[in-house]
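Remarks on the overall topology
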Amino acid sequence: DYGSQIAGIANRTTVADGNTWNHEHIALLARALTHTEKEGHRVSRHLGDYILVWGGGGGDDLAKSPHLARIANSVYRDMCPGDPTCRSFGYIDRYRTPS
């Protein structure tokens, strides 16, 4: 979502932005953001040197994680085994609010 702004303002190459159409590439990025920390780090180091993740409330990247897991699972079937829509994937915050 922020790739175009980062490229234009900071003069940095981005891995994906709102106009990235390569589904496998987006699924790999989604895998990096939703898999285990070890696997996420391995994939991230393959993709680039820096990662920007928006955190801080409604609409942040953590709230998008179930959808990211579904995107990753569409290519990497080990993300949500036996659960093609990743319905059980998500996080509960300190107020017991699901993502």
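I will try to describe carefully the structure that is included in this document.

The rules we used
Residues numbered from 1 in each chain as written. Predicted model: local features only at pLDDT ≥ 70, side-chain atom pairs only at ≥ 80, totals over all residues. Heavy atoms only, no water. Buried < 20%, exposed > 50% of the residue type's maximum accessible area, 1.4 Å probe, protein only. Helix = DSSP H or I, 4+ residues; strand = E, 2+ residues; numbered from the N terminus. Arc of directions from axis to C-beta. Contact = heavy atoms within 4.5 Å. Disulfide = S-S within 2.5 Å.

What follows deals with helix α3 (residues 37–47). When we look at burial in α3, the residues that qualify are E39, G40, V43 and S44. For α3, the angular spread of buried residues about the axis comes to 130 degrees, placing them on one side. Residues of α3 that are exposed and point more than 90 degrees away from the buried face comprise E37, K38, H41 and R42. Contacts from the buried residues of α3 go to α2 (23–34).

Attention shifts here to the state of the cysteines. Put plainly, two cysteines are in a disulfide when a covalent bond ties their sulfur atoms together. Overall, the coordinates contain one disulfide when judged by the stated rule. Sulfur-sulfur distance for the disulfide between C80 and C86 comes to 2.1 Å. The sign of the 110 degrees torsion about the S-S bond sets the C80-C86 disulfide as right-handed.

Right, let's talk about the side chain of N73 for a bit. With respect to the element layout, N73 can be found in helix α4 (residues 65–73). Here N73 is in contact with D78, M79, C80, D83, P84 and C86, once residues within four sequence places are set aside.

Note that all results are geometric; they support no functional claim without further evidence.
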